Amino acid sequence: MRDENILGIDIGGTFTDFVLYDAESKSIENWKNLTTPENPIDGVMEGLTQVTSMNRVRKVRLGTTIATNALLTRKGAKVAYVTTQGFKDVPFIQRGDRRSHYDIGWIKTKPFVDRQHCYEIAERIGATGEEVLPLDEGTVREVARQIRQDGTVEAVAVCTLFSYVNPAHEDRIAEILAEELPHLPISSSFQVLPKWKEYDRASTTIADAFLKPIVQKSFKEIKGCLDDLGIGDKVGVIKSNGGECSIRGAAATPVQMALSGPTGAVVATRVVAELTGLKNLVVFDMGGTSTDCATVVNGAENITTDFEIEWGIPIQVPMIDVHTIGAGGGSLAWIDKGGLLRMGPQSATSVPGPACYGRGGTEATVTDANVVLGRINPDFFLGGKMKLDAAAARAAVARVADQLGMAVDEAAMAMLQIANNNMLGALRTVLLQRGLDPRDFTLLSSGGAGPVHVCDLLEISGIPQGLVPNYPGQFSALASS
């Protein structure tokens, strides 16, 4: 590290983590506080009150799961999709493959756009970039009128045929839409992903538009508050490929932030591999809202452009190969139509949080089950800084137990076993489905909830040994610093 103070911040779905490296004393301080989902900067500002000498901070590295959790929970913008005439069904046709060839009940994953908000423009660019059909600007303005009249659209994704060869029509469409709809952010496929394969490009552009309003709003507030502290120009936002960009750059193409938070844990795992000599590590980063799994093989992480948020929903920007699922300490227990117990992907997040947080939550979560079974000490959560309500946790799990006809402890154990199996599936995705033998790896367990589950995962995954790093709850922020 250079001779300067570096502050790492990781905004998670449940907690916001901080790590401060003091160059003078060569010491590391770490802390965390609850994330404020409605306005993430509030949680950041609360945590920054513990930095006594802000003027000594020379660099801030910010990782965030704002985009990740918005995609996982599908809590993003209402998107309008604008494309070449005859191609508005591309996001729904998707690919010709199936998740399970023999599952007659399988249903395609829904795209991040509704068909009623898909519009076609009279224009056509050929495969070699020639103009086949001139752009009819009148149809663009008519589409803008329909979007304005609809009143529910919050962002627009523009993806025309062969625009990666010649973006003239797409650029003009985006210009007209910006004139007609100045209040709506617009994502253009040539700016987001100028590559071939129409569906992949369309899906990535739609995801960018889906994220843009929430990311722009959050980052604008973050930038303003950090400017007031005098560190706004020192912030580098971690991208999904492990690099960084400015706050303005992150807000312009938010799909690049799809795995901003999870990436930090993989970068830190690579450093652990260098320090320990353990060349093959599989990281299991379990936070409050999601669990992220990735591998470091022979001391290096894997970069991919073939990433899917859910089956059949690709995001093709370069990123570290991380598999993310909606499973964390805050994952909610629920009973499906068949009367079977399920866990997640819905999360209690930080508001209201698990029942044991005492913040108004009443539904049972993984954290509540761990408290009921004595796997989490309610008097020593966050080192004793946050007391948990064990009675509330038991009452929440009891309601699930009543529906299942089980004892409370039995239901809590069932909840954990299902959550562990969900996470086992994520581990198998990054190991067995990549042709990697779990017996060749060490399981590095991080995140606030990870160390609680590491022994369970070792037992059922076939991975021979585990490693819990220092400051596991702030592991991603540690990489940032």
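Structural data are supplied above this passage.
Residues numbered from 1 in each chain as written. Predicted model: local features only at pLDDT ≥ 70, side-chain atom pairs only at ≥ 80, totals over all residues. Heavy atoms only, no water.

Draft legend 1. Fine view of the overall build of the protein. A tally of regular secondary structure across the protein gives 14 helices and 24 strands. By the compact-globule yardstick of 23 Å for 481 residues, the protein fits well, its C-alpha radius of gyration being 23 Å. The principal-axis extents of the C-alpha atoms in the protein amount to approximately 70 × 60 × 45 Å. With 481 residues in all, the protein has 55% of them scored as buried. Long-range contacts, defined here as pairs at least 24 residues apart, represent 67% of the contacts in the protein between residues at least 6 apart. Accessible surface computed for the protein: about 20300 Å², of which carbon and sulfur atoms make up 51%. If the 45 positive side-chain charges of the protein are averaged to one point and the 56 negative ones to another, these points end up 0 Å apart. (Helix = DSSP H or I, 4+ residues; strand = E, 2+ residues; numbered from the N terminus. Rg over C-alpha atoms; globule rule 2.2 N^0.38 Å. Buried < 20%, exposed > 50% of the residue type's maximum accessible area, 1.4 Å probe, protein only. Contact = heavy atoms within 4.5 Å. Areas by Shrake-Rupley, 256 points an atom, 1.4 Å probe, with all protein chains shown as cover. Lys, Arg positive; Asp, Glu negative; His and termini not counted. Charge placed at Lys NZ, Arg CZ, Asp CG, Glu CD.)

Draft legend 2. Local environment of the sheet that holds strand β11 (residues 235-238). Strand order in the open sheet formed by six strands is β3-β2-β1-β4-β11-β12, with mixed pairing between adjacent strands. A single partner strand is all that each edge strand has here, and the edge strands are β3 (27-34) and β12 (244-245). Running at roughly 115 degrees to strand β4 (residues 57-64), helix α9 (residues 260-276) makes contact with β1 (5-11), β4 and β11 of the sheet. (Pairing = 2+ DSSP bridges. Axes fitted to C-alpha atoms, helices over the stretch in contact; angles between N-to-C directions.)

Draft legend 3. Layout of the packing of aromatic side chains. A complete count under the given rule lists six aromatic pairs for this structure. Where Tyr357 meets Phe381, the ring centres are 5.9 Å apart and the plane angle is 50 degrees; that geometry is what we call tilted. Residue Tyr357 is located in the loop between β22 (341-347) and α10 (366-372), and its partner Phe381 is located in the loop between α10 and α11 (390-404); the two are separated by 24 residues in the primary sequence. No difference in accessibility class separates Tyr357 from Phe381, as the two residues are buried. A network of ring pairs unites the aromatic residues Phe15, Tyr357 and Phe381 as a single cluster. The residue whose ring lies beneath Arg74 is Phe112, and the NZ or CZ to ring-centre distance is 4.4 Å. In this structure, Lys197 packs its charged tip against the face of Trp196, placed 5.2 Å from the ring centre. (Phe/Tyr/Trp six-rings, centres within 6.5 Å; stacked < 30°, edge-to-face > 60°. Lys NZ or Arg CZ within 6 Å of the ring centre and 35° of its normal.)

Draft legend 4. How the structure looks around the pairing of β11. Burial along β11 is two-sided: Val235 and Val237 facing one way and Gly236 and Ile238 facing the other are all buried. Bridging between β4 and β11 involves three bridges; their strand directions are parallel. Residue pairing in the sheet places Leu62 in a bridge with Val237 of β11. Sheet topology places β11 next to β12; two bridges connect them, and they run antiparallel. The partner of Ile238 across the bridge, within β12, is Glu244. Between β11 and β12, which pair antiparallel one after the other, the connecting turn spans five residues, and Gly242 there sits at a positive phi close to 95 degrees.

Draft legend 5. Representation of the nonpolar core in the model. The biggest cluster of nonpolar side chains holds 72 residues, and the ones touching the most others in it are Leu7, Ile9, Leu48, Leu71, Phe219, Val237 and Ile315. For this core, the element with the highest residue contribution is helix α7 (residues 198-228), accounting for eleven residues. For Phe219, the residues in contact, after removing those within four places along its chain, are Thr64, Ile66, Val237, Ile247, Ala250 and Ala251. Core analysis: the second largest hydrophobic core is formed by 49 residues, Ala327, Ala355, Leu431 and Phe441 among them. (Core = buried A, V, L, I, M, F, W, Y, C linked by side-chain atoms within 4.5 Å.)

Draft legend 6. Local environment of the packing of α11 against helix α12 (residues 408-430). The interhelical angle for the contact between α11 and α12, taken along N-to-C directions, is 85 degrees, at an axis separation of 8 Å. Between α11 and α12, the interaxial angle falls into the category roughly perpendicular. In contact with Arg394, Val397, Ala398 and Ala401 of α11, α12 contributes Val408, Asp409, Ala411, Ala412 and Met415. When grouped by side-chain class, the residues that make up the contact of α11 with α12 number seven nonpolar, no polar and two charged. (Parallel < 35°, antiparallel > 145°, perpendicular 65-115°, else oblique. Nonpolar A, V, L, I, M, F, W, Y, C, P; charged D, E, K, R; others polar.)

Draft legend 7. Geometry of the packing of α12 against helix α13 (residues 450-461). At a minimum axis distance of 10 Å, the contact between α12 and α13 shows a crossing angle of 60 degrees. Helix-helix and strand crossings are classified by hand; for α12 and α13 the assignment is right-handed. Contact with α12, carried on its side by Leu416, Asn420, Asn421, Met423, Leu424, Leu427 and Arg428, involves His453, Asp456, Leu457, Ile460 and Ser461 of α13 and no other residues of that element. Its residues assigned to classes, the contact of α12 with α13 comprises six nonpolar, four polar and two charged. (Left-handed = near helix turned anticlockwise from the far one by under 90°.)

Draft legend 8. The arrangement of the pattern of salt bridges in detail. If you walk through the whole model with that rule in mind, you get 26 salt bridges. Note that Arg172 and Glu179 form a salt bridge whose closest N and O atoms lie 3.9 Å from each other. Among the residues examined, Glu179 registers a relative accessible area of 48% and is labelled partly exposed. Between Lys217 and Glu221 there is a salt bridge, with the nearest N and O atoms lying 3.3 Å from each other. In this pair, Lys217 and Glu221 are both assigned in helix α7, four residues apart and thus about one turn of the helix distant. Via salt bridges that share partners, Glu137, Arg141, Arg148, Arg172, Glu175, Glu179 and Glu180 belong to a single interconnected network. (Salt bridge = Lys/Arg side-chain N within 4 Å of Asp/Glu carboxyl O.)

Draft legend 9. Summary view of the pairing of strand β17 (residues 307-310). Note that β17 and strand β18 (residues 313-315) share three bridges and pair antiparallel. Across the sheet, Glu308 pairs through a bridge with Pro314, a residue of β18.

Draft legend 10. Molecular detail of the environment of Val266. Examined against the element boundaries, Val266 turns out to sit in helix α9. Residue class for Val266 comes out buried when judged on its relative accessible area of 2%. For the pair formed by Val266 and Arg359, sequence separation is 93 residues and the distance between their alpha carbons is 32 Å. Here Val266 is in contact with Val283, Ala294, Val296, Glu301, Ile320 and Val322, once residues within four sequence places are set aside.

Draft legend 11. Region of the structure containing the sheet that holds strand β6 (residues 118-121). Sheet architecture is open: four strands sit in the order β6-β5-β9-β10, paired in parallel fashion. Sheet topology places β6 and β10 (186-188) at the edges, where each strand pairs with a single neighbour. Each neighbouring strand pair of the sheet contributes to a mean axis angle of 20 degrees, computed without reference to strand direction. By the bridge criterion, five bridges tie strand β5 (residues 79-84) to strand β9 (residues 155-159) in an arrangement that is parallel. Its bridge partner being in β9, Ala80 is matched across the sheet by Val156. Against the sheet, helix α4 (residues 137-150) contacts β5, β6 and β9, and its axis sits at roughly 165 degrees relative to β6. Each of β5, β9 and β10 touches α7; the most contacted strand, β9, lies at about 160 degrees to it.

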